[in-house]
Amino acid sequence: MRITVLSGGVGGARFTRGLLALLRDRLPDGAGGTTADVTVVANTGDDLWLHGVRVCPDLDTLMYTLGGAVHEGQGWGRRDESARVATDLAAYGLGWEWFTLGDLDLATHLARTELLRRGLPLSAVAARLAERWRPGVTLLPMTDDEVETHVVTDDGTIHFEEWWVRHRASVPAHGFVQTGVENAAPAPGVLDALASADVVVVPPSNPVVSVGTILGVPGVRDALRATAAPVVAVSPVVGGAPVRGMADACLTAIGVATDAAAVARHYGRRHDGGVLDAWLVDEADADAVPVLAGEGWTVEAAPTLMTDVPATAAIAARALALVDRLP
């Protein structure tokens, strides 16, 4: 079984961890893993240069989470982390006090930057770093090209991470600009992963700046529309609020309401030119099911809060079960 996941950071990483737990149970390989072949295409629009190193937040969150090294309380970064380097840099008046690179995390960024400077593309670097963590998936960046998301505000355009981390999305956003995306190419393996998949899954990642950025890479949206695989997604909205983070501010900026039905329509059904075939919503949004079903959606309501790995595995199971209901 070949599954391709289009993922942002924390939400996508936790969902994929639950998906792998499900697959190890259903399709065990006899050695603690699974015979299923899972490829995760990660958003790299949050990437940035800081202190002379290339930081890839979503790639690293996926790698650490699936590799068992993530700081569970945060959902990102390394557990047992320290910040001696960041503290000393601040003493020199350098860096951003609102974006701290931990010492262990900094080693990852230094390694990535050294490999990039040797001439390796980001996809090859991601594979090299993953050799250490053994995430149990093929981890691909959406592109080898540099793409950075910027936010248009009243006071000018700022990097997405500044808006997200420093301002906690409290500064009104008037739009998002993915610098470099129009000239980017899908990383090697991305289009093949979509074309050859048995199922494509869109986890509860941010539909605007995570999944939306992946779909903005030329060729990816068309490949998703063209794949023979069913495409199923899990709503990132529960009861009119994002499951995690400030996705509601992102949706508001592009004129989409923060509710399960509106986000489904934002993605759109493949039958109508969109990218999805099925949509799993939380039981708190069960009233959206008959509405969307009336519009032709294959849709179901179930508990979708990823409280732990078993609960997340159950969510993944419900999402995959929707495939059997497709016309």
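Note that the structure is predicted; figures quoted are calculated from it, not measured.

(A) Highlighting the sheet that holds strand β2 (residues 37-42). Strand order across the open sheet formed by seven strands is β5-β2-β1-β9-β10-β13-β14, with parallel pairing between neighbours. At either margin of the open sheet sits one strand with a lone partner, and together these are β5 (138-141) and β14 (298-302). Mean inter-strand twist for the sheet, computed between neighbouring axes without regard to direction, equals 20°. Looking at chain direction, β2 and β5 are connected through four bridges and run parallel.

(B) Representation of empty space enclosed by the protein. Taken as a whole and assessed by the stated rule, the structure comprises one cavity of 30 Å³ or more. If you add up the space inside the largest cavity, you get close to 60 Å³. Lining the largest cavity are L59, D60, M63, R112, L122, V125, A126, L129 and L139. Every element with two or more residues in the lining of the largest cavity is listed here: α2 (57-66) and α5 (122-133). Sort the elements by how many residues they give to the lining of the largest cavity and α5 lands first, with four residues. For the lining of the largest cavity, the per-class residue count stands at seven nonpolar, no polar and two charged.

(C) Highlighting the sheet that holds strand β6 (residues 148-153). Read across the open sheet, the three strands follow the order β7-β6-β8; overall the sheet is antiparallel. In this open sheet, the two edge strands, each paired with only one partner strand, are β7 (156-159) and β8 (175-179). For this sheet, the mean inter-axis angle between neighbouring strands, taken without regard to orientation, is 30°. Where β6 and β7 come together, four bridges link them in antiparallel fashion. The partner of V152 across the bridge, within β7, is T157.

Reading the values: rules and limits
Residues numbered from 1 in each chain as written. Predicted model: local features only at pLDDT ≥ 70, side-chain atom pairs only at ≥ 80, totals over all residues. Heavy atoms only, no water. Pairing = 2+ DSSP bridges. Helix = DSSP H or I, 4+ residues; strand = E, 2+ residues; numbered from the N terminus. Axes fitted to C-alpha atoms, helices over the stretch in contact; angles between N-to-C directions. 1 Å grid on protein atoms, 1.4 Å probe; cavity = no way out; pocket = protein on both sides within 12 Å on 5 of 7 lines; lining within 4 Å. Points joined across faces, edges and corners; volume = space filled by probe spheres on them. Nonpolar A, V, L, I, M, F, W, Y, C, P; charged D, E, K, R; others polar.

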